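Commentary on secondary and tertiary structure
What follows is the residue order along each chain.
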Amino acid sequence: GAVMRICREAAWEVDAALRPEGKAGSLVRTTAGLALAVAEQPADATPCRLAVIALGKTGGRELNYVSDVDVVFVAEPLNPGEDDAAALASATRVAGALMRICGQAAWEVDAALRPEGRAGVLVRSLAGHRAYYEQWASTWEFQALLKMRPVAGDPSLGREYVDALWPLVWKAGDRTGFVAEIQAMRRRVEQNIPAGQADRELKLGRGGLRDVEFSVQLLQLVHGRADVSLRVGGTIPALTVLGAGGYISRDDAATLVASYRFLRTVEHRLQLLRLRRTHLLPVAGDQLRWLARSLGYKPDSRGDSVDVLRAELALHTRVVRRLHEKLFYRPLLSSVARVPGEQLALGSKAAGAWLRALGFADPDGALRHLTALTGGLSRSASMQRYLLPVLLQSFASCADPDAGLLAYRRVSEALGNDQWFLRLLRDEGQAAERLAVLLGSSQYVAGLLTRTPEAMRILADDAQLEPRSAEALTSAWRQAVARAGDASAGVQVLRSLRRQELLRIACADLLGRLDVLRVGQALHDVAVATLRAGLDAAVRSWAADVGMAVEDVPVDIAVIGMGRLGGAEMGYGSDADVLFVHRVRSVGDGGSGGDAADESRAAHAANAVAHALRRLLGEPAPDPAFEVDANLRPEGRQGALSRSLSAFAEYYQRWVSTWEVQALLRAEPVAGDEQLGREFIALIDPLRYPGAGLSADQIAEIRRIKARVDSERLPRGADPATHTKLGRGGLADVEWTVQLLQLEHAAAHPELRVTSTITALGALGNVGLLDAEQVNALQSAWELASRARNAVFLVRGRPGDQLPRQGLELNGVARACGYGADIDAGEFLDDYRRITRRARSVVEQVFYGRSEEA
């Protein structure tokens, strides 16, 4: 009451009617320092309204025993229309007096966080503050405003100040480079710590209080744009709501709260030691002992009380630093910051328009998916509301955003209430963006992920996207199949393992981590490992059917890869072309020295095992099909599935056709008995690399067969300019050309004795059978056609050789081939036609022997 009387007599009336409980409430909440400052003003001072806004620890209610009190001052004339300049001058005198009085009586009042810092005016009007923060304020100044609250003076003006600037704080996160700027600021703070003090700095050092505060404030500024529950001032309250909202894990939130409390307690005791503002741990032993004992530490297995203190400090700072780096440098933060703040609230009326602008063809359907994912009060729904705006932005960069969102919903529903994958996407921004790109690009990947959602972990680790070798896969898969109860169960395990590996390859492919040659090699390795483990299961299955131990099976079998399997150039839709060759197994110690099994019994066993292998691996299932195709065997479908080595030798000597010899160019052992496989290769080498090359009749026959394939096998309605396999300059053109040259010249040039088309092309250039321009033309066409064929499969989820003519599928194929969102899909088609035309020109010259003039 005296304060009000003094102020009224000295300058202006102090009205406390807006205090808590109004005129019926207590008056003693008025700040004493301000009252004294007002009381000492001259009687002719211009009346004004002045509010003191606390920032920093004062604003957050986190003061130490010896702290600066960070404030800013805002003033307005007592009555609208009165002299602003005079009112501000009067308010400036009061503010200065307030700072002086508080500094003399208790603590220093610091106004250095005001607009323009110490160079700026001490007091500004509300409009002046608003104009500064709208036009000139730096990012760190909005960070400082997070803890603002009125603490003294005119409460109405204080609330007006907060109401005016509060929305600007939550728009700061929309600034370009906002996240990187705050991260850089924290790094500068660390770099400015003197080297000798770094290990003693409790506040600014690594794992110190600033690490907690910067992490919390960055998360608040990014996510608080949409979630008003995060708009709190104190560090511990903010950590609590961040954990409750799923922005950080509850365990991480609890750990940070505990460490923050510990560090603040140490800071309080440290300042009590000499009542000095300090954040440096003492060096002197007696001071350290006092500090340790004041915290209640006693000697234990870690040493004396000082050792215990040091151990506890090391533990907490290590934990804080680990979590700071996990949260503060989380990649997803930058992604979230790129989403406009108003779009983070998915339930807004503008959401439909935003979805349409992002490229969703069916925004109403997209909103239904979003509602299903984010509906309710569960933690999963909360985390989905946090993740989806970022995912939507990533879906927008894909050819089919609607399909991507639908696939994401299916994957989410497949995982049910299991939140590990949401935590993965939250904590690993790279994983979230990668998942969106994959689901929006490929029905094949979407299907694999729906059936194997736990495999999503590979997206968070680059090393997990590296394909495994055939040897590594074979070892692991054989052991897994052997552990299964029976052959059928073993193959089910094998299917699951194969599915995960195909997912790894497809993800790495679509994310641009594998070129087409590495994709072909990786798919070959998966097929080889599948055949090896599958052959084990097939032998077990047959042996169980006939009541025989596996070691007593009377036959050795080798699986010979043909076609793209033999050439290690498989695509996602490729069958496994094979030949089966067998021989009688010698029975006895070490597999030799016993009586030979009957040849017919061995043939029966080999054919039964081969049939079992095809059946087990080819049974209908949701998993990607694995067809074991043996149609390239002698006599085709009419011939025995497996033949002995001697039977192969007889057939090749008496009845082999030119096209069969050509097919043998890609023969390579892939599974089964290795020695038998090598003997088969030794048998066919003289056939596929004939010493005399090809006769004119044989060359003419190959050309005739190729012409018939071109005319008869191209599907009705297919465009020969864009059919990747049989079209002009496509895969068949390049491969037949290379194989013709191999048949003619491999005997004289051992470098040509390879099964890979691209390796053979390089060798043809090296020995001078093709010039560099021809090699480049054929290789470019083969690689682009292979990549496009793979892309068609990835986009559609099923095999296809014809490029789409237009629409979403063409856009998806172009993107999967490496063409960016800013490149028109028509440009991809133009490139394809141009590159394959060049290759066709070389085919005409080399394969058909036609001159360019002709």
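The structure presented is a predicted model; accordingly, all values stated were derived computationally and were not measured. By convention here, each chain's residues receive numbers from 1 onward along its written sequence. Per-residue local features are limited, in this predicted model, to residues with pLDDT of at least 70; the limit for side-chain atom pairs, both in listing and counting, is 80 or more; totals at the level of whole chains, interfaces and linings are taken over all residues. Values shown for side chains rest on all heavy atoms present in the structure; no hydrogens or waters enter the calculation.

Observations concerning the overall build of the protein
Heads up, the condition is: Where helices and strands are cited, they refer to DSSP runs of H or I of at least four residues and of E of at least two residues respectively, numbered from the N terminus. The globule rule used here is 2.2 Å times the number of residues to the 0.38 power, and the radius of gyration it is set against is calculated over C-alpha atoms. The contact definition used throughout considers only heavy atoms, calling two residues in contact when any of these lie within 4.5 Å. Where accessible areas are quoted, they stem from the Shrake-Rupley method and a 1.4 Å probe; at the residue level, only the protein chains shown are allowed to cover.
Within the protein, the regular secondary structure consists of 35 helices and ten strands. Taken against the 2.2 N^0.38 rule, which gives 29 Å for 854 residues, the C-alpha radius of gyration of the protein at 38 Å runs more than 25% over that of a compact globule. Across its three principal axes, the protein shows a C-alpha extent of roughly 125 × 70 × 50 Å. Expressed as a percentage of contacts within the protein between residues at least 6 apart in sequence, the contacts between residues at least 24 apart total 71%. Accessible surface, the protein: about 37,000 Å² in total, of which carbon and sulfur atoms supply 49%.

Points about a positive patch on the surface
Quick reminder of the rule: Residues qualify for a patch when their relative accessible area is over 30% and they have no salt bridge, like charges being joined within 9 Å and the nonpolar side chains of Val, Leu, Ile, Met, Phe, Trp and Tyr within 5 Å. One side-chain nitrogen of Lys or Arg within 4 Å of one carboxyl oxygen of Asp or Glu is enough to make a salt bridge. Charged residues are defined narrowly, with Lys and Arg counted positive, Asp and Glu counted negative, and His plus the chain ends left uncounted. Charge placement uses NZ in Lys and CZ in Arg. For Asp and Glu, CG and CD serve respectively.
A contiguous patch of positive charge on the surface is contributed by Arg-704, Arg-708, Arg-713 and Lys-725. Position of Arg-704 among the secondary structure elements: in helix α30 (residues 696–712).

Quick word on the environment of Tyr-247
The condition that has to hold: Distance and chemistry together define a polar contact, namely a pair of N or O atoms within 3.5 Å, with one atom able to donate a hydrogen and the other to accept it when in protein, and with adjacent residues in sequence counting only for side-chain atoms on both sides.
Inspection of the secondary structure assignment puts Tyr-247 in the loop between α10 (235–244) and α11 (250–274). Here Asp-227 takes part through its side chain, which lies 2.6 Å from a polar atom of the side chain of Tyr-247.

Quick look at the pairing of strand β1 (residues 48–54)
Quick note on the threshold: Only protein chains enter the accessibility calculation, which uses a 1.4 Å probe; a residue whose area is less than 20% of its type maximum is buried, one above 50% is exposed, and one in between is partly exposed. Note: two strands are recorded as paired if DSSP finds a minimum of 2 bridges between them.
For β1, a buried count of seven out of seven residues is recorded, marking the element as mostly surrounded by other parts of the structure. Alignment of β1 against strand β2 (residues 69–77), held across seven bridges, turns out to be antiparallel. Bridging across to β2, Ala-51 finds its partner in Val-74. When β1 meets strand β5 (residues 149–153), the two strands line up antiparallel, connected through four bridges. By the bridge assignment for β5, Ala-51 is matched with Gly-153.

Let's talk about helix α32 (residues 757–766)
When α32 is considered as a whole, its buried residues turn out to be Thr-757, Ile-758, Ala-760, Leu-761, Ala-763 and Leu-764. In the segment just after α32, Gly-768 is the residue with positive phi, at about 85°.

Focus: the nonpolar core
Note the following rule: Nonpolar cores were defined as sets of buried Ala, Val, Leu, Ile, Met, Phe, Trp, Tyr and Cys residues, with membership established by side-chain atoms within 4.5 Å.
Counting residues in each nonpolar core, the largest one holds 150 residues, and the members touching the most others are Tyr-408, Met-456, Leu-531, Phe-580 and Phe-828. Per-element accounting of this core gives the leading share, 15 residues, to helix α24 (residues 516–546). Residues Leu-242, Leu-281, Leu-309 and Val-320 belong to the second largest nonpolar core, which totals 33 residues.

Some remarks on a nonpolar patch on the surface
There is a patch of nonpolar side chains on the surface, built from Tyr-65, Leu-272, Leu-275 and Trp-290 and spanning about 430 Å² of accessible area. In this structure, Leu-275 sits in the loop between α11 and α12 (285–294).

A few points about the pattern of salt bridges
In this structure the tally under the stated criterion is 45 salt bridges. A salt bridge links Glu-619 to Arg-615; the shortest N-O distance between them is 3.6 Å. Accessibility expressed as a relative area gives 41% for Arg-615, which makes it partly exposed. Salt bridges sharing partners connect three or more residues here, namely Arg-186, Glu-190, Arg-206, Asp-211, Arg-321 and Glu-325.

Some remarks on the confidence of the model for the protein
Where the model shows low pLDDT, its predicted coordinates should not be examined in detail. Just so we agree on the cut-off: The quantity called pLDDT is the predictor's confidence in a given residue, expressed from 0 to 100.
Per-residue confidence for the protein gives a mean pLDDT of 88, with 92% of residues at or over 70. A low-confidence stretch, residues 19–30 stays under pLDDT 50, and its non-local contacts, those more than four residues away or across chains, total twelve contacts. Confidence drops under pLDDT 50 across residues 588–597; counting only partners more than four residues distant or on other chains, this segment forms twelve contacts.

So, the side chain of Ser-786
Examined against the element boundaries, Ser-786 turns out to sit in helix α33 (residues 772–796). Under the relative-accessibility criterion, Ser-786 is labelled buried at 9%. Apart from residues lying up to four places away in sequence, Ser-786 is in contact with Val-516 and Leu-731.

Here's the deal with the side chain of Glu-267
Inspection of the secondary structure puts Glu-267 in helix α11. Residue class for Glu-267 comes out buried when judged on its relative accessible area of 0%. One polar contact links Glu-267 to His-279, side chain to side chain, over a distance of 3.2 Å. Look past the residues within four positions of Glu-267 in its chain and what remains in contact with it is Lys-57, Asn-64, Leu-202, Leu-209 and His-279.

A look at the packing of aromatic side chains
In this description, an aromatic ring pair is defined by two values, namely the gap between the centres and the angle between the planes. To keep things clear, this is the line we draw: Note on aromatic pairs: the rings of Phe, Tyr and Trp (six-membered ring only in Trp) are paired at centre separations within 6.5 Å, and the planes decide the class, stacked below 30 degrees, edge-to-face beyond 60, tilted for the rest.
Taken as a whole and assessed by the stated rule, the structure comprises 17 aromatic pairs. Relative to Tyr-652, the ring of Tyr-651 lies with its centre 5.9 Å away and its plane at 70°, an arrangement referred to as edge-to-face. The exposure class of Tyr-652 is buried, given its relative accessible area of 6%. Counting every residue linked through ring pairs, the aromatic cluster contains Phe-648, Tyr-651, Tyr-652, Trp-655 and Phe-680.

Re helix α5 (residues 126–135)
Put simply, the rule is: Note that the arc is computed from the directions linking the helix axis to the C-beta atoms.
Those residues of α5 that sit buried are Leu-126, His-129, Tyr-132 and Tyr-133. All buried residues of α5 lie within an arc of 130° about the axis, which places them on one face of the element. Buried positions along α5 lie against β2, β4 (123–124), α6 (139–145) and α7 (155–169).

Thoughts on the state of the cysteines
Convention followed: Whenever a pair of cysteine sulfur atoms sits within 2.5 Å, that pair is classed as a disulfide.
Across all of its chains, the model carries zero disulfides by this definition. For the unlinked cysteine Cys-507, the closest cysteine sulfur is that of Cys-398, found at 13 Å.

Here's the deal with unusual backbone geometry
Residue Glu-116 is not a glycine yet carries a positive backbone phi of 70°. Here Glu-116 lies in the loop between β3 (109–110) and β4. A positive phi angle, close to 50°, is found at Leu-275, a residue other than glycine. Assessed through its relative accessible area of 58%, Leu-275 is described here as exposed.

Structural notes on the packing of α11 against α12
Basically, it comes down to this: Lines fitted to C-alpha atoms define the axes, with helix axes restricted to the stretch in contact, and inter-axis angles between N-to-C directions lie between 0 and 180 degrees. When an angle is under 35 degrees it counts as roughly parallel; over 145 it counts as roughly antiparallel; between 65 and 115 it counts as roughly perpendicular; any other value is oblique. We call a crossing left-handed when the near helix sits turned anticlockwise from the far one by less than a right angle, and right-handed when that turn is clockwise. Residue type decides the class: Asp, Glu, Lys and Arg count as charged, Ala, Val, Leu, Ile, Met, Phe, Trp, Tyr, Cys and Pro as nonpolar, and the leftover types, Gly among them, as polar.
One way to put it is that α11 packs onto α12 with a least axis distance of 10 Å and a crossing angle of 130°. What the angle tells us is that α11 and α12 run oblique. For the pair α11 and α12, the sense of crossing is right-handed. The segment α11 lies against α12, with Val-266, Arg-269, Leu-270, Leu-272, Leu-273 and Arg-274 engaging Gln-287, Trp-290, Leu-291 and Ser-294. Of the residues assigned to the contact of α11 with α12, the class counts are six nonpolar, two polar and two charged.

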